[in-house]
Amino acid sequence: MSEYALEIVGLKKVYDNNVEALKGIDLKITKGDFFALLGPNGAGKSSTIGIISSITNKTDGNIKIFGVDIDQNFPKAKSFLGVVAQEINFSQFGKVEDIVITQAGFYGIPKDVAKARCKNLLKKLSLWDKRHDQARNLSGGQKRRLMIAKALVHEPKLLILDEPTAGVDVDLRKNLWKNVKELNKEGVTIILTTHYLFEAQEMCNRIAIIDKGKLVALDTTEKLLDR
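Source: prediction; values computed, not measured. (Residues numbered from 1 in each chain as written. Predicted model: local features only at pLDDT ≥ 70, side-chain atom pairs only at ≥ 80, totals over all residues. Heavy atoms only, no water.)

Novice: Go over the overall build of the protein chain, please, and point to the residues and values.
Specialist: A count of helices and strands for the protein chain gives 8 helices and 10 strands. Here the C-alpha radius of gyration of the protein chain, 17 Å, is about what a compact globule of 227 residues would show, namely 17 Å. In terms of its C-alpha atoms, the protein chain occupies a principal-axis envelope of roughly 45 × 40 × 35 Å. Of all 227 residues assigned to the protein chain, the portion counted as buried reaches 50%. Counted over contacts in the protein chain with a minimum sequence separation of 6, partners at least 24 positions apart contribute 69%. Of note, the protein chain has its 35 positive side-chain charges centred 4 Å away from the centre of its 28 negative side-chain charges. (Helix = DSSP H or I, 4+ residues; strand = E, 2+ residues; numbered from the N terminus. Rg over C-alpha atoms; globule rule 2.2 N^0.38 Å. Buried < 20%, exposed > 50% of the residue type's maximum accessible area, 1.4 Å probe, protein only. Contact = heavy atoms within 4.5 Å. Lys, Arg positive; Asp, Glu negative; His and termini not counted. Charge placed at Lys NZ, Arg CZ, Asp CG, Glu CD.)

As structure tokens, this is what we get:
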């Protein structure tokens, strides 16, 4: 298996309106890294994540997840990947426990295993007492944590967090980062997009900055902040 959790080579994206969102991104993220992807709105962060997770089609370039090319074997590449998107991506009328267990089923995880993983995740994320509630009755922060449980139930090796603390209060943010740090210590590679530089500074050991579809900076957090 590759030493890299994610390899991006020459990634380009041109939308139908001729907007060039990505202009040849090259990026390698090592296994076990805690990596921040920063940039202003419209810089190309969401396009990059959309392509990695197959929501958006790329115009050109190659992407490998743990050495597996997404064009050649996407099901295997996807099995390594968990994504916590900005937008709510579950039924508001589903029950919390059912949402997580159903997600596990998409990856062929046996129901008894899925139930055990679901219980563990919901307890870690302080959602176990809400397991029988409909998702629409959760607070904004609780919905965000449910999305994290949903992304983790198949035990991905690479987790992408797309602005996970947007709209989350301070206490929930601290709880979230505690859990994410534990995951990283267990060997999960984390990619974080955020508008909060202090989050990247506190959490991540490397930072890349995208602006106008180009990678304009890439370095360790310490060296980048010194610049």
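Novice: Tell me what's going on with helix α1 (residues 45–52), and back it up with residues and numbers.
Specialist: With respect to burial, α1 is a largely interior element, 7 of its 8 residues being buried. The set of residues buried in α1 consists of Lys45, Ser47, Thr48, Ile49, Gly50, Ile51 and Ile52. Downstream of α1 by a residue or two, Ser54 has a phi angle that is positive, lying close to 75 degrees.

Novice: I'd like a rundown of the packing of aromatic side chains, residues and numbers included.
Specialist: Here a ring pair, both rings aromatic, is described through the centre-centre distance and the interplanar angle of the planes. The final tally for this structure, using the stated rule, is 1 aromatic pair. Between the aromatic rings of Phe66 and Phe80, the centroid separation amounts to 5.4 Å while the plane-to-plane angle is 55 degrees, which identifies the pairing as tilted. One end of the pair, Phe66, is in the loop between β4 (60–65) and β5 (68–69); the other, Phe80, is in the loop between α2 (74–79) and β6 (81–84), and 14 residues separate them in sequence. There is no split in this pair, since Phe66 and Phe80 are both buried. The positively charged end of Arg131 is found above the aromatic ring belonging to Trp128, 4.0 Å away from the centroid. (Phe/Tyr/Trp six-rings, centres within 6.5 Å; stacked < 30°, edge-to-face > 60°. Lys NZ or Arg CZ within 6 Å of the ring centre and 35° of its normal.)

Novice: How would you sum up the sheet that holds β5? Please name residues and give values.
Specialist: If you walk across this open sheet you meet the 4 strands as β2-β1-β4-β5, and the pairing is antiparallel. Taken across any chain shown, the strands that pair with only one partner, and hence form the sheet edges, are β2 (20–30) and β5. (Pairing = 2+ DSSP bridges.)

Novice: Describe the sheet that holds strand β7 (residues 158–162), naming the residues involved and giving the relevant values.
Specialist: Read across the sheet, 6 strands follow the order β6-β7-β8-β3-β9-β10 without closing on themselves; strand pairing throughout is mixed. The two strands at the open ends of the sheet, each matched to only one other strand, are β6 and β10 (214–220). Neighbour to neighbour, the strand axes of the sheet diverge by 15 degrees on average, direction disregarded. Strand contacts of helix α5 (residues 140–152): β6 and β7, with the helix running at about 170 degrees to β6, the strand carrying the most contacts. (Axes fitted to C-alpha atoms, helices over the stretch in contact; angles between N-to-C directions.)

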